[in-house]
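# Structure assessment
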Amino acid sequence: MIRVLTGATLIDGTGAVPVPDAAVVVDGDRVAAAGARGALSWPDDAEVIDVRGRTIIPGLIDAHDHMAAHGYGLATRLGLDEPASTAHLRTARVLADTLAMGYTTVRDGGGLDTGFKAAIEQGLIPGPRLVLGIQIVSPTGGIGDRVSPSGHTCCAVYDPLLPNSVANGADGVRDVVRTMVRAGADVIKTATTGGASSRPGHGPLDPAFSLEEMRALVTESHALGRRVMCHALGGPGLDVALVAGVDSIEHGCYLDENPEHLRRMAGEGIFFVPTLLVYVYHRESASPHVRARAHDLQKHHVASIQRALELGVPIAAGTDAGGHGHPKNAGELRRLVDAGLTPMQALRAGTQWAARCLALEREVGTLEKGRLADLVVVHGNPLDDIEVLLDPARIELVLKGGAVAVDRRAQAAR
Ligand SMILES: [Zn+2]
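Residues numbered from 1 in each chain as written. Predicted model: local features only at pLDDT ≥ 70, side-chain atom pairs only at ≥ 80, totals over all residues. Heavy atoms only, no water.

Spatially, three strands are ordered E7-E8-E9 in an open sheet, and the strand pairing comes out parallel. Of all the strands in the sheet, the pair left with one neighbour each is strand E7 (60–65) and strand E9 (129–132). Put simply, the sheet's adjacent strands are angled 15° from each other on average, direction ignored. Where strand E8 (residues 103–108) lies against E9, four bridges are found, and the strand directions are parallel. Paired with Val 106 across the two strands is Leu 130, which belongs to E9. (Pairing = 2+ DSSP bridges. Helix = DSSP H or I, 4+ residues; strand = E, 2+ residues; numbered from the N terminus. Axes fitted to C-alpha atoms, helices over the stretch in contact; angles between N-to-C directions.)

Next comes the structure, spelled out in structure tokens:
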């Protein structure tokens, strides 16, 4: 079936100047053509959807999320406060709500098993296309090693599709990478430093994994056709990640501290996924050590982004949502604008550039002939005000693979 959206302003994700009075021709699940309406044609029996006065953008992409994480409280993190079935249904709701905000692709950095992806692909529940990390690979004491402050490991949710991700030594690391791939990992998520919300003693500048271990991890991941997304905030662990050759630095808050780091990323095309949104949340944390870390890194984080822009480091938008940001993931785009990106750059960080980060740029991220027809019809223009993407009422129509995922046009004031 051919479906044509006509009359809107088209922002195709490539960085091209927006096209007023455009048309997007969708044939089945793909874009057949996109551009000025007068230059395109379509069969008489095509379904024509008039979206005059609106803006069409590519489906949004979150390059770093945790869809199955629902809070930072200890009982929630350890899976103690509700039945696993309730938590899974909560996750299904988050998947649906996130898609309904125009997010048609999400890379999950750990916690979501392949059952959710299968359920979406089978049409059991609505949700974005998923790129799964399964679990965070780290050494003992790293962020993938979930131990309560009392020292107990009693309570992790038992899910054989979320296997143990703690590994030590090159052989141990290779074993865990293979285990993640067996469990359905599309990408290997690892961590070479602590983070803002990590336990006291394992903070943003504290390392995890030796260079030998990280080299084994990257080599094995690449041999199995998986990219490596690496949580690394600063200090020697950030250095190890870059020298080992990871594909993206997640968070990267202290990249400004060593000028070589961003130069290397620019030269090698290593992506920077800053995840500003999660630190907005952590700055208000009830835990003093988390709050202090989030405040300390803030000016470094912004300086890192500005230097990355100067050097041409590829930036992808990721929220690290999970217990704080769902489903207003576009808050990250607003934060990127605050940090110095133009609205067009922020939009590309959440579309084309994120698609490249996920190695999906031939499928999604732009509205060009041959791409999957993932698109959002927005009431308002995000280049004038990026915050329109945070308002559900303005996300009027979402197509995923040419199919209508969400249609709020009946409710919308036209
Ligand atoms: Zn993460």
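Don't stop here, the text continues.
Relative to the assigned elements, His 66 resides in the loop between E7 and helix H1 (74–77). Given a relative accessible area of 11%, His 66 falls into the buried group. (Buried < 20%, exposed > 50% of the residue type's maximum accessible area, 1.4 Å probe, protein only.)

Tallied over the entire structure, the rule returns one aromatic pair. Pairing Tyr 72 with Tyr 281 gives two aromatic rings, centres 5.4 Å apart and planes at 35°, and the pair type is tilted. Within this pair, whereas Tyr 72 is found in the loop between E7 and H1, its partner Tyr 281 is found in helix H8 (residues 276–282), the two being separated by 209 residues in sequence. Residue Tyr 281 is classed as partly exposed on the basis of its relative accessible area of 33%. (Phe/Tyr/Trp six-rings, centres within 6.5 Å; stacked < 30°, edge-to-face > 60°.)

For the zinc ion, every protein donor is listed as His 64 (NE2), His 66 (NE2) and Lys 189 (NZ), and the spread of their distances is 2.0 to 2.3 Å. All donors of the zinc ion belong to a single chain; written as a sequence motif, their spacing is H-x1-H-x122-K. Note that His 64 is positioned in strand E7 and Lys 189 in strand E10 (residues 187–191), a separation of 125 residues in sequence. As far as the burial class goes, His 64 and Lys 189 line up, both buried. (Donors = N, O, S within 2.8 Å, 3.2 Å for Na, K, Ca; no water.)

Okay, the state of the cysteines next. Within this structure, the stated rule accounts for zero disulfides. For the unlinked cysteine Cys 357, the closest cysteine sulfur is that of Cys 230, found at 12 Å. Classification of Cys 357 as buried rests on a relative accessible area of 3%. (Disulfide = S-S within 2.5 Å.)

On to the pattern of salt bridges. Scanning the model with the defined rule gives 20 salt bridges in all. The salt bridge partner of Asp 21 is Arg 37, with a shortest N-O separation of 2.9 Å. Remark: Arg 37 occurs in the loop between strand E4 (30–36) and strand E5 (47–50) and Asp 21 occurs in the loop between strand E2 (9–10) and strand E3 (22–27); sequence separation between them is 16 residues. Under the relative-accessibility criterion, Asp 21 is labelled partly exposed at 37%. (Salt bridge = Lys/Arg side-chain N within 4 Å of Asp/Glu carboxyl O.)

Time to look at the side chain of Thr 319. Along the chain, the position of Thr 319 falls in the loop between helix H9 (288–311) and helix H10 (331–338). A polar atom in the side chain of Thr 319 sits 2.6 Å from the side chain of Asp 62. In this view, Thr 319 contacts Asp 62, His 64, Asp 65, Thr 275, Leu 277, Val 278, His 324, Asn 329 and Glu 332; residues no more than four positions away in its chain are not counted. (Polar contact = N/O pair within 3.5 Å; in protein donor to acceptor, adjacent residues only side chain to side chain. Contact = heavy atoms within 4.5 Å.)

Moving on, we come to the environment of Ile 56. Locating Ile 56 in the fold gives a position in strand E6 (residues 55–58). Spatially, the C-alpha atom of Ile 56 lies 9.6 Å from that of Pro 18, the residues being 38 residues apart in sequence. Ignoring sequence-local partners within four residues, the contact set of Ile 56 consists of Leu 5, Ala 8, Thr 9, Leu 10, Ile 11, Val 24, Val 51, Leu 367, Leu 375, Val 376 and Val 377.

The geometry of helix H6 (residues 235–244) relative to helix H7 (residues 259–268) is characterised by a closest axis approach of 11 Å and an angle of 25° between their N-to-C directions. The angle between H6 and H7 places the two elements in the roughly parallel class. Seen from above, H6 lies across H7 with left-handed handedness. In contact with Leu 238, Asp 239, Leu 242 and Val 243 of H6, H7 contributes His 261, Arg 264 and Met 265. Per-class residue counts for the contact of H6 with H7 are four nonpolar, one polar and two charged. (Parallel < 35°, antiparallel > 145°, perpendicular 65-115°, else oblique. Left-handed = near helix turned anticlockwise from the far one by under 90°. Nonpolar A, V, L, I, M, F, W, Y, C, P; charged D, E, K, R; others polar.)

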